[in-house]
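Understanding the architecture of this molecule
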Amino acid sequence: MNFFLETLQVLLLSIWYNVESFIYFFVPMKKKNIAGEVVLITGSGSGIGRLMAQEFAALGTVLVLWDINQEGMKETAKLAKQSGASRVHSYLCDCSDKNEVYRVADQVKREVGDVSILVNNAGIVTGKKFMDAPDSLIEKTVEVNTMSHFWTYKAFLPAMIANNHGHLVSIASSAGLIGVNGLADYCASKFAAVGFAESVGLELLATGKDGVKTTIVCPYFINTGMFDGCQTKWPRLLPILKPDYVAKKIIDAVLTDQVFLLMPRSMYLITALKNVLQWKQTSLLGSYLGLSGCRSRLTRH
């Protein structure tokens, strides 16, 4: 195909995709049925992980819970069963440990079967400025927030590719799209998580595995205790998000095969502005929006 025809094809398809998006803005997309699917959620012992487990349970899925908190998983399992999960399986697993991920993944395959929806939710934040953060905590942040995604993909993606069926869900952050003062290690780990999920998603499309879907979730700060001390300068524009709302929006995104989910909606505009502004303007925008001086504590999702 020559340059002119290929350029024309790209332009026409781009216009069509924009029209399609505009239509779906007004006409809700049909939701897929995931009853019976095996859903694995990392970091499911509390917070958003627990709430997502309850939402998935209500849809008749088989749940696989991963966390380092045994008691937390017990509570999540109890709530999931009450919500309607057909089966719930819990496994102690430190997602930052590659060998442990592979070992527990093999156990899951033997005892439960192939995972068809993988939700990488486990995450930590140190809450320290870069020069104040110990090397060990920086390494742990990257291991949990980024590298664990590599190991879980390696463990469960082959079966999805073989069946051309599955869904990869990355719970990232708006801090994976815009740098935040005081969260250098966290932002770096989330930027990497977003880039990794997007790249693998494109790999799957390029190889014809369009039955394996990708959803990348980038919420603003959520009121789960992970970012205690964080305040929003403009609560109407950038509200601290309610956990229940976030969990429901994530499930809706999975059911409609939405690739990027940014919350609140204003993040779409803010991200677009960040990509066209100069460095000093970006700094000014961050100060105006209050994306600085956030004090959080070492904790997990």
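See above for the structure.
Below, the structure is looked at part by part. (Residues numbered from 1 in each chain as written. Predicted model: local features only at pLDDT ≥ 70, side-chain atom pairs only at ≥ 80, totals over all residues. Heavy atoms only, no water.)

**A word on the packing of aromatic side chains**
How two aromatic rings sit relative to each other is given by the distance of their centres and the angle of their planes. Basically, it comes down to this: A pair of Phe, Tyr and Trp rings is counted when the ring centres sit within 6.5 Å of each other, with Trp represented by its six-membered ring. The angle between the planes then sorts it: under 30 degrees is stacked, over 60 is edge-to-face, the rest tilted. Segments assigned H or I by DSSP are reported as helices when at least four residues long, segments assigned E as strands when at least two residues long, and all are numbered from the N terminus. Charge over a ring is defined by NZ of Lys or CZ of Arg lying within 6 Å of the ring centre and within 35 degrees of the ring normal.
Counted by the stated rule, this structure contains 6 aromatic pairs. Between Phe 150 and Phe 196 the ring centres are 4.1 Å apart and the planes differ by 20 degrees, which places this aromatic pair in the stacked class. Of this pair, Phe 150 sits in helix H5 (residues 135-163) while Phe 196 sits in helix H6 (residues 184-206), and the two are 46 residues apart along the sequence. In textbook terms, an aromatic cluster arises when at least three aromatic residues are bridged by ring pairs, as seen for Tyr 102, Phe 150, Trp 151, Tyr 153 and Phe 196. Taking the ring centre of Trp 151 as reference, the NZ or CZ of Lys 98 above it sits at 5.4 Å.

**Side note on the sheet that holds strand E3 (residues 87-92)**
Backbone-to-backbone hydrogen bonds join strands into a sheet, with any given pair of strands oriented parallel or antiparallel. Here is the rule we go by: Strand pairing is assigned whenever DSSP detects at least two bridges linking the two strands. Axis definition: a line fitted to C-alpha atoms, limited for helices to the stretch in contact. Angles are taken between N-to-C directions and run from 0 to 180 degrees. The contact criterion used is simple: two residues touch if any of their non-hydrogen atoms lie within 4.5 Å.
Strand order in the open sheet formed by 7 strands is E3-E2-E1-E4-E6-E7-E8, and the pairing between neighbours is parallel. The two strands at the open ends of the sheet, each matched to only one other strand, are E3 and strand E8 (260-263). Averaged over all adjacent pairs, the angle separating strand axes in this sheet is 15 degrees, with direction ignored. Here strand E1 (residues 38-42) runs beside strand E2 (residues 62-67); their pairing, made up of 5 bridges, is parallel. The residue of E2 that forms the bridge with Ile 41 is Leu 65. Against the sheet, helix H2 (residues 47-57) touches E1, E2, strand E4 (117-120) and strand E6 (166-171), its axis set at about 170 degrees to E1. Against the sheet, helix H3 (residues 70-83) touches E2 and E3, its axis set at about 170 degrees to E3.

**Here's the deal with the pattern of salt bridges**
Rules: Salt-bridge detection follows one rule: a side-chain nitrogen of Lys or Arg within 4 Å of a carboxyl oxygen of Asp or Glu. Burial classes: relative accessible area under 20% of the type maximum marks a residue as buried, over 50% as exposed, and values in between as partly exposed (1.4 Å probe, protein chains only).
Taken as a whole and assessed by the stated rule, the structure comprises 7 salt bridges. Of the charged contacts, one joins Asp 257 and Lys 32 as a salt bridge, the two residues approaching to 2.7 Å between their closest N and O atoms. Here the residue Asp 257 occupies a position in the loop between helix H7 (243-255) and E8, and Lys 32 occupies one in the loop between helix H1 (3-26) and E1, the gap between them amounting to 225 residues. Judged by its relative accessible area of 29%, Asp 257 falls in the partly exposed class. Among the salt bridges present, the one from Lys 74 reaches Glu 71, with a minimum N-O distance of 3.6 Å. Placement of both Lys 74 and Glu 71 in helix H3 is noted, with a separation of 3 residues, approximately one turn of the helix.

**Side note on the nonpolar core**
Applied cut-off: We call a set of buried Ala, Val, Leu, Ile, Met, Phe, Trp, Tyr and Cys residues a nonpolar core when their side-chain atoms join them within 4.5 Å.
With 79 residues, the main nonpolar core has Phe 56, Leu 63, Trp 66 and Ile 250 as its most contacted residues. Not counting residues up to four positions away in its chain, the partners in contact with Ile 250 are Ile 48, Met 52, Val 169, Ile 171, Val 217, Leu 261 and Met 263.

**Section: unusual backbone geometry**
Cis peptide bonds are those with omega within 30 degrees of zero, and the linkage from Met 263 to Pro 264 qualifies with -10 degrees. Along the chain, Pro 264 turns up in the loop between E8 and helix H8 (266-276). Its identity as a non-glycine residue notwithstanding, Asn 164 has a phi of 45 degrees, on the positive side. Among the structural elements, Asn 164 can be located in the loop between H5 and E6. Asn 164 sits in the partly exposed class, given a relative accessible area of 28%. In this model, Asp 257 sits at a positive phi of 55 degrees, which is unusual for a non-glycine residue.

**Some words on the state of the cysteines**
Stated formally: By convention in this document, the label disulfide applies to cysteine sulfur atom pairs within 2.5 Å.
Inspection of every chain in the model, using the stated rule, returns 0 disulfides. Counting only cysteine sulfurs, Cys 95 is the nearest neighbor of Cys 93, a cysteine outside any disulfide, at a range of 4.7 Å. Considering cysteine sulfurs only, Cys 187 is the nearest to Cys 218, which forms no disulfide, with 12 Å between them. A residue is classified by how much of its surface remains accessible, and Cys 218, at 0% relative accessible area, is buried.

**Focus on H6**
Quick reminder of the rule: A helix is expected to span 1.5 Å for every residue after the first.
The end-to-end C-alpha separation of H6 is 33 Å, in line with the 33 Å expected for 23 residues at 1.5 Å each. The set of residues buried in H6 consists of Asp 185, Tyr 186, Cys 187, Ser 189, Lys 190, Ala 193, Val 194, Phe 196, Ala 197, Val 200, Gly 201 and Leu 204. Looking at the buried positions of H6, the neighbouring elements they touch are strand E5 (124-125), H5, E6, strand E7 (212-219) and E8. Looking one or two residues past H6, Gly 208 carries a phi angle of roughly 80 degrees, positive in sign.

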